[in-house]
Amino acid sequence: MGGFVVFAVMVIGAFIPFGIVGYLVRAGKNGLALTITSVIGAMLWVLVWGSDGRLGIDPLLAISWAMLFFVPAMIGTLAGGLLGWLMRRRDDRKIS
């Protein structure tokens, strides 16, 4: 049961940014999509860099949060951005 909960949290954590960033990129709001991607990437970097204990963050907690929440969110964000860009490109090609 515990493994299923972890998997569900990771999938939900990936699909939410995927949908948001995909929608924003397709709508042409690339600045906001890039801001969301940058914030998720910055949090991931802080947790991974702080996992050695120099920042006063518990290393196990930092890596756990990074792997459970921010790695799937970053993957979802990048995939959503790519899909939104491809759909935007397809829509622009049909108009021209």
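Before reading further, recall that the structure is shown in the block above.
Residues numbered from 1 in each chain as written. Predicted model: local features only at pLDDT ≥ 70, side-chain atom pairs only at ≥ 80, totals over all residues. Heavy atoms only, no water.

A. Examining helix α2 (residues 30–49) more closely. Look at α2: 28 Å from first C-alpha to last across 20 residues, which is about the 28 Å you get at 1.5 Å a residue. Among all positions of α2, only A33, T37, I40, L44 and L47 are buried. End-on, the buried residues of α2 take up no more than an arc of 95°, which puts them together on one face. Turned more than 90 degrees away from the buried face of α2, the exposed residues are L34 and W45. (Helix = DSSP H or I, 4+ residues; strand = E, 2+ residues; numbered from the N terminus. Expected span 1.5 Å × (residues − 1). Buried < 20%, exposed > 50% of the residue type's maximum accessible area, 1.4 Å probe, protein only. Arc of directions from axis to C-beta.)

B. Broad picture of the environment of V71. Topologically, V71 is positioned in helix α3 (residues 59–95). For the pair formed by V71 and M10, sequence separation is 61 residues and the distance between their alpha carbons is 8.6 Å. V71 has contacts with L44 and A66, leaving out every residue within four places of it along the chain. (Contact = heavy atoms within 4.5 Å.)

C. Representation of the packing of helix α1 (residues 2–26) against α2 in the model. Across the interface, α1 lies against α2 with an axial gap of 7 Å and an inter-helix angle of 150°. One way to sum up the angle between α1 and α2 is to call them roughly antiparallel. Pair α1 / α2 crosses with left-handed handedness. Between α1 and α2, the residues in contact are P17, I20, V21, L24 and V25 and N30, L32, A33, I36 and I40, respectively. A breakdown of the residues in the contact of α1 with α2 according to their chemical character gives nine nonpolar, one polar and no charged. (Axes fitted to C-alpha atoms, helices over the stretch in contact; angles between N-to-C directions. Parallel < 35°, antiparallel > 145°, perpendicular 65-115°, else oblique. Left-handed = near helix turned anticlockwise from the far one by under 90°. Nonpolar A, V, L, I, M, F, W, Y, C, P; charged D, E, K, R; others polar.)

D. Focus on the side chain of T37. Following the sequence through the fold, T37 ends up in helix α2. Taking relative accessible area as the criterion, T37 reaches 15% and is therefore assigned buried. With residues near it in sequence (within four places) discarded, T37 still touches M74, T77 and L78.

E. The packing of aromatic side chains, seen in detail. Throughout the structure, instances matching the rule amount to two aromatic pairs. Pairing F15 with F18 gives two aromatic rings, centres 6.4 Å apart and planes at 75°, and the pair type is edge-to-face. With F15 and F18 both in helix α1 and three residues apart, the pair spans about one turn of that helix. Judged by centre distance (4.8 Å) and plane angle (50°), the ring pair of W65 and F69 falls under tilted. (Phe/Tyr/Trp six-rings, centres within 6.5 Å; stacked < 30°, edge-to-face > 60°.)

F. Broad picture of the nonpolar core. Formed by I40, L44, L47, A62, A66, F70, A73 and M74, the largest nonpolar core amounts to eight residues. At the level of elements, α2 and α3 are the ones that each hand at least two residues to this core. Element by element, the count of residues in this core is highest for α3, at five residues. With sequence-adjacent residues up to four places away left out, F70 is seen in contact with I40, M43, L44, L47 and W65. (Core = buried A, V, L, I, M, F, W, Y, C linked by side-chain atoms within 4.5 Å.)

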